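Residue-level listing of the chains:
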Amino acid sequence: MAGHSKWATTKHKKAALDAKRGKLFGRLIKNIEVAARTGGGDPDANPTLYDAIQKAKKNSVPANNIERAVKRGSGEDASGSDWETIMYEGYGPSGVAVLVECLTDNRNRAASEVRTAFTRNGGNLADPGSVAYMFTRKGIVEVPKEAVSDEDELLMAVLDAGAEEVADEGEVFQVITEPNDLVAVRKALQENEIDYNSAEGGFVPATKVELDLEGVQKVMKLVDALEDSDDVQEIFTNFTASDDVLKQLQQED
C-alpha cells in the first residue's frame, strides 16, 4: 500500500504541475495575441510581441500555438477574443500590498474570482489608486544566474543601455530599467550573448515589507488562489523575506 500511496501522491503532484503548466501556456498565448493586436504581427517591428514570443519559447510553448496566437491577434485569423486589461488593487495578510493584472474577455468573471481569492485568503480588495501609488512601472529583465559569471559582468553589459539597477533575486538577477529603455537593455544582453528568461513591463514597489515564514506562507496562499483564475496574468506584491525564510520555504516544497 505504501507504494500505491506514493504513486497516488506523485500522480497528484504531476496533475497539479500539468494544470499550472496549462495555465501558464494560456497566459503566454494571451500576451502574444494582445501584443500582435496592439502593435502588429511582425516581431521585428513590435518589441512587445518579440518579447512575448521569446518568453513563450523559453517556457516550451509549441511553435504552432505561438503562430496561431500571432495570426489571431493580427487579424489573419478572425477567431481571436476581445481581451481587456484590468488592474485590481488589494491588501493581503500582514498588510502586504498586492496588484493583480488581469487579461480577460469577461470583466464580471474576473472581478468575482479576484474578490473571492482575496476574501478567502485573509485579504481584501481596495479602491483604485489606494495601492498602485506604492508601485512604479518599470522594465524588468530576468537573467538566470548561470548565464553570467557574476553580478558585475551583468551590470557592465547593461549599464550603458539604460539599466537602473541589478537586483539579486535568489536564482535569478533582475535588471530594472525605465519602460522606454527595456528594448535597449534586452539588445545589450543579446549583443553580449547573455541569456535571459523574460523582458517585460512590470511594477516595482517603492518600499518592501519583510515577513517571517508564517507571513510568507499566508501571502503565497493568496497568490496561489489568484493564479488559479485563468484571467489573472501577473501579480505584484511588496513583501520580501530573509534568506533563512526562503530556505525554509524551499525545504517545505
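Just so it is clear, the model here is predicted, and its values are computed rather than measured. (Residues numbered from 1 in each chain as written. Predicted model: local features only at pLDDT ≥ 70, side-chain atom pairs only at ≥ 80, totals over all residues. Heavy atoms only, no water.)

## Concerning the sheet that holds strand β4 (residues 135-144)
Ordered by their spatial adjacency, four strands build an open sheet running β5-β6-β4-β7, and the pairing between neighbours is antiparallel. Pairing within the sheet leaves two strands with one partner each, and these edge strands are β5 (163-168) and β7 (198-205). Strand-to-strand twist in this sheet, taken as the mean axis angle between neighbours without regard to direction, amounts to 35°. Summarising the sheet, β4 and β7 pair through eight bridges and their orientation is antiparallel. When the sheet's bridge partners are listed, Lys138 is paired in β7 with Gly202. On the sheet, helix α6 (residues 182-191) packs against β4, β5, β6 (172-177) and β7 and is oriented at approximately 10° with respect to β4. (Pairing = 2+ DSSP bridges. Helix = DSSP H or I, 4+ residues; strand = E, 2+ residues; numbered from the N terminus. Axes fitted to C-alpha atoms, helices over the stretch in contact; angles between N-to-C directions. Contact = heavy atoms within 4.5 Å.)

## Quick word on the confidence of the model for the protein chain
In regions of low pLDDT, the predicted coordinates are not meant to be interpreted in detail. For the protein chain, per-residue confidence averages 87 on the pLDDT scale, and 91% of positions sit at 70 or higher. Within the protein chain, the element-level pLDDT minimum falls on helix α1 (residues 2-39), averaging 65, and the maximum on helix α4 (residues 107-120), averaging 97. Contacts of residues 1-15 to residues separated by more than four positions or lying in other chains number zero contacts, the stretch itself having pLDDT below 50. (pLDDT = per-residue confidence, 0-100.)

## Comments concerning the sheet that holds strand β2 (residues 97-104)
Strands pair in a sheet through their backbones, by hydrogen bonds, and they do so in one of two ways: parallel or antiparallel. The strand order across the open sheet formed by four strands is β3-β1-β2-β9, and the pairing between neighbours is antiparallel. Whereas interior strands pair on both sides, the edge strands pair on one side only; in this sheet they are β3 (124-125) and β9 (232-237). Across two bridges, the pairing between strand β1 (residues 84-91) and β3 is antiparallel. Among the inter-strand pairings, Tyr91 is bridged to a residue of β3, identified as Asn124.

## A closer look at the pattern of salt bridges
Two side chains of opposite charge can pair, provided their charged atoms sit close to one another. Tallying each qualifying case throughout the model produces 16 salt bridges. In this structure, Glu101 and Arg137 form a salt bridge, with 3.7 Å as the shortest nitrogen-oxygen distance. Taken as a pair, Glu101 in strand β2 and Arg137 in strand β4 lie far apart in primary sequence, 36 residues in all. Owing to a relative accessible area of 17%, Glu101 belongs among the buried residues under this scheme. Of the residues examined, Arg137 reaches a relative accessible area of 38% and is grouped as partly exposed. The salt bridge involving Lys145 is made with Asp168; its shortest N-O contact spans 2.8 Å. Separated by 23 residues along the polypeptide, Lys145 in the loop between β4 and α5 (151-158) and Asp168 in strand β5 bring together distant segments of the chain. (Salt bridge = Lys/Arg side-chain N within 4 Å of Asp/Glu carboxyl O. Buried < 20%, exposed > 50% of the residue type's maximum accessible area, 1.4 Å probe, protein only.)

## Focus: the packing of helix α2 (residues 47-58) against α6
One can describe the packing of α2 onto α6 by two numbers: an axis separation of 11 Å at closest approach and a directional angle of 50°. With respect to α6, the element α2 is oriented oblique. Classified by chirality, the crossing of α6 by α2 is left-handed. On α6, the residues that touch Pro47, Tyr50 and Asp51 of α2 are Val183, Arg186 and Gln190. The residue inventory of the contact of α2 with α6, partitioned by class, reads three nonpolar, one polar and two charged. (Parallel < 35°, antiparallel > 145°, perpendicular 65-115°, else oblique. Left-handed = near helix turned anticlockwise from the far one by under 90°. Nonpolar A, V, L, I, M, F, W, Y, C, P; charged D, E, K, R; others polar.)

## Re a negative patch on the surface
A cluster of acidic residues, Asp150, Glu151, Asp152 and Glu153, forms a negative patch on the protein surface. By the element assignment, Glu153 lies in helix α5. Relative accessible area serves as the criterion here: at 32%, Glu153 is assigned to the partly exposed category. (Patch = residues over 30% accessible without salt bridge, like charges linked within 9 Å, V, L, I, M, F, W, Y side chains within 5 Å. Areas by Shrake-Rupley, 256 points an atom, 1.4 Å probe, with all protein chains shown as cover. Lys, Arg positive; Asp, Glu negative; His and termini not counted. Charge placed at Lys NZ, Arg CZ, Asp CG, Glu CD.)

## Focus on the layout of surface pockets
Space inside the second largest pocket adds up to approximately 640 Å³. Lining the second largest pocket are 27 residues, and of these Asn31, Thr48, Arg137, Glu200 and Gly201 lie nearest its centre. Contributions of two or more residues to the lining of the second largest pocket are made by α1, α2, β2, β4, α6, β7 and β9. Class assignment for the residues of the lining of the second largest pocket results in twelve nonpolar, eight polar and seven charged. (1 Å grid on protein atoms, 1.4 Å probe; cavity = no way out; pocket = protein on both sides within 12 Å on 5 of 7 lines; lining within 4 Å. Points joined across faces, edges and corners; volume = space filled by probe spheres on them.)

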